[in-house]
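# Structural characterization, general
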Number of protein chains: 2
Amino acid sequence: MQQVFTHLFEPRSIVFIGASQHLFKWGFSVLHHIVRGEFEGEIYPVNPHGGSWYGRRVYKNLDEVPDNIDLAIIVVKKELVSETIRRCAGKNIPVGIVITAGFSETGKEGAILEKEIVKIASSGGMRLVGPNTMGIFSGYPVCMHAIMAGTHIRPGNVGLIAQSGNLGSSISYRFVRREIGISRLVSSGNEADLKIEDYLELLEHDPKTRLISLYVEGVRQGQRFFEAAKRISKKKPILVLKGGTTPSGADAAMSHTGAMAGDDAVFKAMCRQTGIIQADTMDEMVDTAGMLLTQPRPTGNKVGIVSLGGGWGVIATDMCVSSGLEIAPLGKEVVEKIDKILPSYWSRKNPIDLVAPNHVTQITDSVGILLEHGIIDAALVLGLGYMSLRAKKWLDSPVIPKSEAVESARLMSAEEMKLFDLIKEQSKKYNKPIIPVVDIMASDAVMDNDNNTLVNYLDRKGIMSYSAPGMAIRALAKVVDYYKRIEYL
Amino acid sequence: MQQVFTHLFEPRSIVFIGASQHLFKWGFSVLHHIVRGEFEGEIYPVNPHGGSWYGRRVYKNLDEVPDNIDLAIIVVKKELVSETIRRCAGKNIPVGIVITAGFSETGKEGAILEKEIVKIASSGGMRLVGPNTMGIFSGYPVCMHAIMAGTHIRPGNVGLIAQSGNLGSSISYRFVRREIGISRLVSSGNEADLKIEDYLELLEHDPKTRLISLYVEGVRQGQRFFEAAKRISKKKPILVLKGGTTPSGADAAMSHTGAMAGDDAVFKAMCRQTGIIQADTMDEMVDTAGMLLTQPRPTGNKVGIVSLGGGWGVIATDMCVSSGLEIAPLGKEVVEKIDKILPSYWSRKNPIDLVAPNHVTQITDSVGILLEHGIIDAALVLGLGYMSLRAKKWLDSPVIPKSEAVESARLMSAEEMKLFDLIKEQSKKYNKPIIPVVDIMASDAVMDNDNNTLVNYLDRKGIMSYSAPGMAIRALAKVVDYYKRIEYL
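Below you will find a few notes about this structure. On a predicted model such as this, the values are computed, not experimentally measured, just so you know.

Residue and element names in this part refer to chain B. Neither face of strand β9 (residues 144-147) is open: one carries M144 and A146, the other H145 and I147, and all of them are buried. In this structure, strand β8 (residues 135-138) lies alongside β9, joined through 4 bridges in antiparallel fashion. Directly across from I136, in β9, lies its bridge partner A146. Counting the residues in the hairpin turn of β8 and β9 gives 5 residues.

Structure, rendered in structure tokens:
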């Protein structure tokens, strides 16, 4: 399998069979994305008409293409796929990605054709991705966007396998917009040959992949999947979004990729036993992965909430409790310590409501006291970003003279940035998660002439923030549960 | 109460007591936001030091200010509030907004002071908003941003009452970024005098308010709230986000605004009996309100799903079923009709998977057949936006010659815009909701030099789209449930 990994994700040469100049065709898009990306290996477009493809030579057939090709991408008509694979195998191409659709997902006839292409490939020692796949992305050693979705994906540490190209694209985009990169993405299509179990094992040994994210409709080799997941979960978290959890959804999955969705209760139990984290939505998957990748491991479920506004504290408390997290009681000693740093009317319990702190150190000092006394496993800081927002309002105002606005805004913004750095340091020092919730009003605010928002800034600093308390809390609950479960694996 | 409405939301003159030139103070911010906004009435800043406020005269005391003032905004020290209110009442000012905090939310002493200010006000015939409020916004007849949050709010049809200024700001921002405007926003603070029940009745008779959105921690006059909600729900939907649904959350609410959160089961039952729609998060509130404001009334729970990708259909089906919506069976006749317009391998059941349609009319024609046969109450169209995204990719590409890219992109974008118009027309024709789900990858895509995204375009056209199927489906389930329940009120 190590060879499959290399040929598939780190090819030095690609033959692209079915190259098209027609912008509307996949034979154009996928090739376009590879060429536009940073791929540095050889690319050989093939089309019986020959000619050129935007300045590149198009080869009339495989015979014209040099030997020692690592990867074939096949975007020909359904009727031509068998013969194309036969020729690729004849040329000793070890792996092929079959983009072409119209196989088992369309019915009996297609299923017969699908079996045939696998037979042809395997008798020639060739492995197949797909058919009916949107393609793959690989982030290393250089980016290869052999995928319909586009060139938006950036390299990083999340390995993503999706039994739906659309969901694979959408999930990868959701990661990338939060500055979380992708190591490898596979749209696994009908999984006629290589299956989710294979890709899971490939990512298991991939040093670039620190976390695995899956969209699963059905698992064909249950026992193998179970064992791999259990083994991997101890080393790398596996997040799953499951499609086909209801009978009607399972039915829809059947006509999508021909996958048997199976019994949802069985799948859920399997997740619990293997340490797999189930996400309910694509966004929750990204929120949870971001926390796993950027925060220290929480060792329990006791939460301390420090809030810059009472309402935030109230809804966050409700959400913690309903997600199985515990609002840590403060105890007399802690209350006395906090008494010394906060104005007399502070809430005297958890959540700690700072209203409008006089100085940002009131925030970190409060969190520090909770951590120092070991009464919490994680801290949530709510209502951040308001200083940057205020600074921006001053700068945009026609009322305030520029001279006054600029200096005040600079001080205000600098203070907030210092706060984020302090929070990051503190989290490192105590080795516990401190999770910043920056309200969407602030995180959306454009901070420079390049349209960078506050959340962009923080993401680039590796500080995963959340634009509503619920998003942070649902992710934290899943993270806490994951670490608890893998202790018993 | 009609007079309170006029003085509070449509004042011709405001006295602002506690005007400050210090950018960091609320006595600056709130005044700044009124001045920066479009408010056209008179504003009289008051501060014992007199002088000027960025070019405006500052009055040393109330005596210097003309008579016939509609509204007083009070941002003085806690100790000065009683005397200030006494003077305002003496000057026959009918309504005051007390921004100043430090009252019942801080304990017994504050509670005594709070009672005192209410007594002084009412003996002078004056009504109070707050204390401990962030202020109010009114969208008509002109915008008045008498609020800490800023000047982001735009006028529209949502009336918003929040027992937390931060949540009021955040929710209003979430509405406005989706081009859903606010008629009136009240941060109700400690509700020492005017209470949520009063504001509810004010909005009941406000012709500018088509929908009411509430953040509630506790209701003081249960019976009155119940009756008002029941009466209003028949005319205007009421959406509620409840804080303090858990014992710990209720405890936090107690120290926030002094509100008794009450028993959550009782509150839930009350919502069901009055037609109130409960939202679980701020985002869900906006998703649901947007659907109520832009779509026809669904008359049942049968859904038709038309999807431009199999995976979307699978997860949407799961979510519909788990939200209590029904995936309408197609029936022989409908299948035969759709057979005529789709390629032979289409799914032949609901969800209808179009894969990559050859022409956008395949989408609307499929939806049309479902509506024509009366087998669905609402349609979901999944995977839209991919054409605009593709057009954008062509324009951005260094590979495709500009001449070729521009024309193809124009055609592609035009085709998609035509589709959205067709969907809107079709929805009107059949008087049933057709809900577009535009994946976030497409809805985020910047479409012009002013950084407008596709979702911005659609929002401005009054087309509420959703960036994930789950968001649309949760909202639809709540909308269906609301209309069913108000039939029995």
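Moving on from the model shown.
It is worth spelling out the relation of the copies chain B and chain A at this point. Under the fitted operation, chain B is carried onto chain A by 0.0 Å of movement along the axis and a turn of 180°, and the coordinates agree to an RMSD of 0.0 Å. Taken together, the rotation and translation describe the operation of a two-fold axis. Residue N451 of chain B, judged by its C-alpha, is the member of chain B lying nearest the rotation axis, at 4.2 Å. With an isologous cut-off of 70% or more, the 100% of interface residues of chain B that recur at the interface of chain A puts this contact in the isologous class.

All names here are of chain A. Applying the stated criterion across every chain, the model contains 14 aromatic pairs over all chains. Taken together through their ring pairs, the aromatic side chains of F28, W53 and Y54 make up a single cluster. Looking at K208, its charged tip hangs above the ring of Y140, at a distance of 4.6 Å from the centre. Geometry around F267 places K242 over its ring, the cationic atom sitting 5.1 Å from the centre.

All names here are of chain B. Along the polypeptide, T364 turns up in helix α13 (residues 361-372). Exposure remark for T364: the relative accessible area of 7% places this residue in the buried category. Sequence-distant contacts of T364, defined by excluding residues within four places in its chain, comprise L419, L422, I423 and Q426.

Glancing now at the interface of chain B and chain A. On the chain A side, the residues contacting the 82 residues of chain B number 82 residues. The contact between chain B and chain A buries some 6100 Å² in all, and 64% of this surface belongs to carbon and sulfur atoms. Note that D439 of chain B and R174 of chain A form a salt bridge whose closest N and O atoms lie 3.3 Å from each other. Seen at the junction of chain B and chain A, the total is 24 residue pairs in polar contact (both at pLDDT 80 or more). Broken down by secondary-structure element, the contributors of at least two residues to the side of chain B that touches chain A are α2 (26-36), α5 (165-176), α8 (247-257), α11 (310-322), α14 (386-396), α15 (402-430), α16 (440-443) and α18 (469-486) of chain B. For the side of chain B that touches chain A, the residue count by class is 35 nonpolar, 30 polar and 17 charged.

So, about the sheet that holds strand β5 (residues 71-74) of chain B. All names here are of chain B. The strand order across the open sheet built from 5 strands is β2-β1-β5-β6-β7, with neighbouring strands paired in parallel fashion. The open sheet is flanked by β2 (42-46) and β7 (127-129), the only strands paired with a single partner. Strand-to-strand twist of the sheet, defined as the mean angle between neighbouring strand axes without regard to direction, takes the value 20°. Against the sheet, α2 makes contact with β1 (13-17), β2 and β5, and its axis sits at roughly 160° relative to β1, the strand it touches most.

A few words now on the sheet that holds strand β8 (residues 135-138) of chain A. All names here are of chain A. Here 7 strands make up an open sheet; going across it, the order is β9-β8-β11-β10-β12-β13-β14 and the pairing mixed. Only two strands of the sheet have a single neighbouring strand rather than two, namely β9 (144-147) and β14 (277-279). Going across the sheet, the axis of each strand differs from the next one's by a mean of 20°, ignoring polarity. Pairing of strand β10 (residues 155-162) with strand β11 (residues 182-187), which is carried by 6 bridges, proceeds in the parallel orientation. Directly across from P155, in β11, lies its bridge partner I182. Against the sheet, helix α1 (residues 2-9) makes contact with β8, β9 and β11, and its axis sits at roughly 90° relative to β8, the strand it touches most.

A few words on the pattern of salt bridges. Pairs can form between side chains of opposite charge whenever their charged atoms are close. Scanning the entire structure with this criterion turns up 62 salt bridges over all chains. Its salt-bridge partner being R177 of chain A, residue D444 of chain B comes within 3.1 Å of it at the nearest N-O pair. Of this pair, D444 of chain B sits in the loop between α16 and α17 (454-460) while R177 of chain A is found in the loop between α5 (165-176) and β11, placing the two residues in two different chains. Between D421 of chain A and K461 of chain A there is a salt bridge, and its shortest N-O distance comes to 2.7 Å. Residue D421 of chain A is found in helix α15 (residues 402-430), and its partner K461 of chain A is found in the loop between α17 (454-460) and α18 (469-486); the two are separated by 40 residues along the sequence. On the accessibility criterion, D421 of chain A (33% relative accessible area) is partly exposed. When salt bridges that share partners are traced, they join E10, R184 and D206 of chain A into one network.

Residue and element names in this part refer to chain A. Within the secondary structure, E326 sits in strand β16 (residues 326-327). Remark: the alpha-carbon pair of E326 and K302, spanning 24 residues in sequence, is separated by 4.8 Å. With sequence-adjacent residues up to four places away left out, E326 is seen in contact with N301, K302 and V303.

Residue and element names in this part refer to chain B. Burial within strand β12 (residues 211-216) is extensive, with 6 of its 6 residues counted as buried. Residues L211, S213 and Y215 line one face of β12 and the alternating positions I212, L214 and V216 line the opposite face, and both faces are buried. Here 5 bridges tie strand β10 (residues 155-162) to β12, and the two strands are oriented parallel to one another. From the neighbouring strand, V158 faces β12, where its bridge partner is L211. With 5 bridges connecting them, β12 and strand β13 (residues 238-242) associate as parallel partners. Counterpart to Y215 in the pairing with β13 is L241. Read as a crossover between parallel neighbours, the route from β12 over helix α7 (residues 222-233) to β13 is right-handed.

Here we take up unusual backbone geometry. Following Y140 of chain A, the chain continues to P141 of chain A via a peptide bond in cis, the omega torsion being 0°. Position of P141 of chain A among the secondary structure elements: in the loop between β8 and β9. A cis amide bond, omega 5°, links N350 of chain B with the succeeding residue P351 of chain B. The backbone phi angle of N68 of chain A is positive, close to 65°, even though this residue is not glycine.

Conventions we followed
- Residues numbered from 1 in each chain as written.
- Chains lettered and ligands numbered in written order.
- Predicted model: local features only at pLDDT ≥ 70, side-chain atom pairs only at ≥ 80, totals over all residues.
- Heavy atoms only, no water.
- Buried < 20%, exposed > 50% of the residue type's maximum accessible area, 1.4 Å probe, protein only.
- Helix = DSSP H or I, 4+ residues; strand = E, 2+ residues; numbered from the N terminus.
- Pairing = 2+ DSSP bridges.
- Least-squares fit on C-alpha atoms with pLDDT ≥ 70 in both.
- Contact = heavy atoms within 4.5 Å.
- Phe/Tyr/Trp six-rings, centres within 6.5 Å; stacked < 30°, edge-to-face > 60°.
- Lys NZ or Arg CZ within 6 Å of the ring centre and 35° of its normal.
- Buried area = accessible area lost by both parts, 1.4 Å probe.
- Salt bridge = Lys/Arg side-chain N within 4 Å of Asp/Glu carboxyl O.
- Polar contact = N/O pair within 3.5 Å; in protein donor to acceptor, adjacent residues only side chain to side chain.
- Nonpolar A, V, L, I, M, F, W, Y, C, P; charged D, E, K, R; others polar.
- Axes fitted to C-alpha atoms, helices over the stretch in contact; angles between N-to-C directions.
- Right-handed = clockwise from strand over helix to strand, strands pointing away.

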